[in-house]
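Structural overview
Below, each chain spelled out in residue letters.
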Amino acid sequence: MAEQPKKTLGLETVEPAVTPPPAEQEPVIEKKPVSPGTTRKRDIPQGLWTKCPECEEMIFDKELEENEKVCPHCSHHFQTTAYARIASLTEPESFEEFDADMMSVDTLEFTGTAAYADKLVKHREKTGLKDAVITGIGRIGSHEVGLAVMDFNFLGGSMGSVVGEKITRIVEAATERRLPAVIISSSGGARMYEGMFSLMQLAKTSAAIAYHGRQKLPYISVLTHPTTAGVMASYASLGDLIISEPKAMIGFAGPRVIKDTTQSELPEGFQTAEFLMERGLIDAIIPRTELKKRLSEYLDYLCGNLG
Ligand SMILES: [Zn+2]
């Protein structure tokens, strides 16, 4: 199962933060000398700006953060972090993290263009995370849920032994406590640096979800850009409800591989959330800014009979 070539996802390049261009047509006025002790206030707030890749508007970073990393002009969903999602979805102070210190080990002593051990160190430093998923129990609206949130910033959200184990454990904890499970996915697939160990996570996580479902407990899967390969082939596609953020890329193999294999032209919009919703794989497309409210409503409905 090939990991998605990162270049096709277009996510490796973080939008550079740029300062706004200076106003070019400022009228030339003789400036009076500023008297000592006074500071001139400028209209442009100090801070960093980000250019939206979709509508090309400049967005003040603070405004972007406050809007949950969704462009206020065109609703483009920027990449966000697991902790930011948890903060926006769960009730304040309600989230209790599980297995916070679980870390991947380089069992295969994998080396290639870059050694796996070095990559792990680099990504831990870059993201402040131990691995690509945060799990725990938290409250959404009035419902306690077993929650797992993946973070694409850590090695492309790839699923290795730690991601698989943490997801399995939180689903098992939800089963034991008779809680619904919510998993927010964002992943390039199985973590190839762990070889077969990463592939085993597909079966392990799927089995835990099957057992959770057999106890008549609901599981909601939320897909975000991108959710592909091994993660899509396991827990991400097993939700009783499968919802997605707008325009997320969802799929198993990459479009190039599929095109080469089937020797046919792929339809327009192939592997987008909207395309898959039309064909019944996804139940709803929900903007990030409405996700908490909608999840809370779905949980009200699904948990009506839980005792
Ligand atoms: Zn935009």
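To keep things clear, this report deals only with the structure shown in the data block. Bear in mind that the values here come from a model prediction, so they are computed numbers and not experimental data.

Description of the overall build of the protein
- Secondary structure assignment for the protein yields ten helices and eleven strands.
- Within the protein, the proportion of its 307 residues that are buried is 42%.
- Taking the contacts inside the protein whose residues are at least 6 apart along the sequence as the reference set, 69% of them involve residues at least 24 apart.
- When the accessible area of the protein is evaluated, it comes to approximately 16700 Å², of which 53% is carbon and sulfur surface.

Observations regarding the coordination of the zinc ion
- All of the protein donors around the zinc ion are Cys 52 (SG), Cys 55 (SG), Cys 71 (SG) and Cys 74 (SG); their distances to the metal are 2.3 Å.
- Between the four donor atoms coordinating the zinc ion, the angles at the centre fall across 107 to 112°, so the site counts as tetrahedral.
- Sequence spacing of the donor residues for the zinc ion, all on one chain, is C-x2-C-x15-C-x2-C.
- Classification of Cys 52 as buried rests on a relative accessible area of 1%.

Regarding a nonpolar patch on the surface
- Taken together, the side chains of Leu 108, Met 196, Phe 197 and Met 200 present a nonpolar region at the surface, about 400 Å² in accessible area.
- Given the relative accessible area of 34%, Phe 197 is considered partly exposed.

Description of the pairing of strand E5 (residues 133–140)
- The element E5 is extensively covered by neighbouring structure, given that seven of its eight residues are classed as buried.
- The sheet contact formed by strand E4 (residues 96–98) and E5 spans three bridges and is antiparallel. When the bridges of E5 are listed, Glu 96 appears paired with Ile 137.
- Here E5 folds back onto strand E6 (residues 143–150) in antiparallel fashion, the turn holding two residues, of which Gly 141 has a positive phi close to 65°.

A short note on the environment of Cys 303
- Mapped onto the elements of the fold, Cys 303 is located in the segment after helix H10 (291–302).
- Between the C-alpha atoms of Cys 303 and Pro 218, which are 85 residues apart in sequence, the distance is 7.3 Å.
- When residues no more than four places from it in sequence are discounted, the contact partners of Cys 303 are His 143, Pro 180 and Pro 218.

Description of empty space enclosed by the protein
- According to the stated counting rule, one finds one cavity of 30 Å³ or more in the structure shown.
- Looking at the largest cavity, its volume works out to about 30 Å³.
- Every residue along the wall of the largest cavity is listed here: Glu 68, Arg 85, Ser 88, Leu 89, Arg 288 and Leu 291.
- Counting residues per element, the lining of the largest cavity draws most heavily on helix H3 (residues 82–89), which supplies three residues.
- Split into classes, the residues belonging to the lining of the largest cavity amount to two nonpolar, one polar and three charged.

A few points about the side chain of Ser 234
- As for its placement among the helices and strands, Ser 234 is situated in the loop between helix H7 (229–232) and strand E9 (241–244).
- Not counting the four nearest positions on each side in its chain, Ser 234 is found in contact with Met 159, Leu 202, Thr 205 and Ser 206.

Things to note about H10
- Helix length check: H10, at twelve residues, gives a terminal C-alpha distance of 16 Å against a target of 16 Å (1.5 Å per residue), a fit within 8%.
- Of all the residues in H10, the buried ones are Leu 291, Leu 295, Ser 296, Tyr 298 and Leu 299. Along H10, the residues classed as buried sweep out an arc of 165° about the axis, all on the same side. Exposed residues on H10 whose side chains face more than 90 degrees from its buried face are Lys 293 and Tyr 301.

A closer look at the packing of aromatic side chains
- All chains considered together, the criterion is met by four aromatic pairs.
- Where Phe 110 meets Tyr 193, the ring centres are 5.1 Å apart and the plane angle is 85°; that geometry is what we call edge-to-face. Taken as a pair, Phe 110 in the loop between E4 and helix H4 (116–127) and Tyr 193 in the loop between strand E7 (181–187) and helix H6 (195–214) lie far apart in primary sequence, 83 residues in all.
- By relative accessible area, Tyr 193 is classed as buried at 16%.
- Centroid distance Phe 270 to Phe 275: 6.0 Å. Interplanar angle 80°. Geometry classified as edge-to-face.
- On the basis of relative accessible area, Phe 270 is assigned to the partly exposed category, the value being 25%.
- Phe 275 sits in the buried class, given a relative accessible area of 12%.
- Here the aromatic cluster, defined as three or more aromatic residues joined through ring pairs, consists of Phe 110, Tyr 116 and Tyr 193.
- The ring centre of Phe 275 lies 3.6 Å from the NZ or CZ of Arg 279, which sits over that ring.

Here's the deal with unusual backbone geometry
- Omega for the peptide link from His 225 to Pro 226 comes to -15°, which places this bond in the cis form.
- A positive phi angle, close to 45°, is found at Leu 155, a residue other than glycine.
- As for its placement among the helices and strands, Leu 155 is situated in the loop between E6 and helix H5 (161–177).
- According to the relative accessible area criterion, Leu 155 is buried, its value standing at 6%.
- A positive phi angle, close to 55°, is found at Gln 263, a residue other than glycine.
- Checked against the element boundaries, Gln 263 lands in the loop between helix H8 (255–262) and helix H9 (273–278).

Rules behind the numbers
- Residues numbered from 1 in each chain as written.
- Predicted model: local features only at pLDDT ≥ 70, side-chain atom pairs only at ≥ 80, totals over all residues.
- Heavy atoms only, no water.
- Helix = DSSP H or I, 4+ residues; strand = E, 2+ residues; numbered from the N terminus.
- Buried < 20%, exposed > 50% of the residue type's maximum accessible area, 1.4 Å probe, protein only.
- Contact = heavy atoms within 4.5 Å.
- Areas by Shrake-Rupley, 256 points an atom, 1.4 Å probe, with all protein chains shown as cover.
- Donors = N, O, S within 2.8 Å, 3.2 Å for Na, K, Ca; no water.
- Tetrahedral: all angles 85-135°; square planar, octahedral: opposite > 155°, others 65-115°.
- Patch = residues over 30% accessible without salt bridge, like charges linked within 9 Å, V, L, I, M, F, W, Y side chains within 5 Å.
- Salt bridge = Lys/Arg side-chain N within 4 Å of Asp/Glu carboxyl O.
- Pairing = 2+ DSSP bridges.
- 1 Å grid on protein atoms, 1.4 Å probe; cavity = no way out; pocket = protein on both sides within 12 Å on 5 of 7 lines; lining within 4 Å.
- Points joined across faces, edges and corners; volume = space filled by probe spheres on them.
- Nonpolar A, V, L, I, M, F, W, Y, C, P; charged D, E, K, R; others polar.
- Expected span 1.5 Å × (residues − 1).
- Arc of directions from axis to C-beta.
- Phe/Tyr/Trp six-rings, centres within 6.5 Å; stacked < 30°, edge-to-face > 60°.
- Lys NZ or Arg CZ within 6 Å of the ring centre and 35° of its normal.

Geometry only, nothing functional implied.
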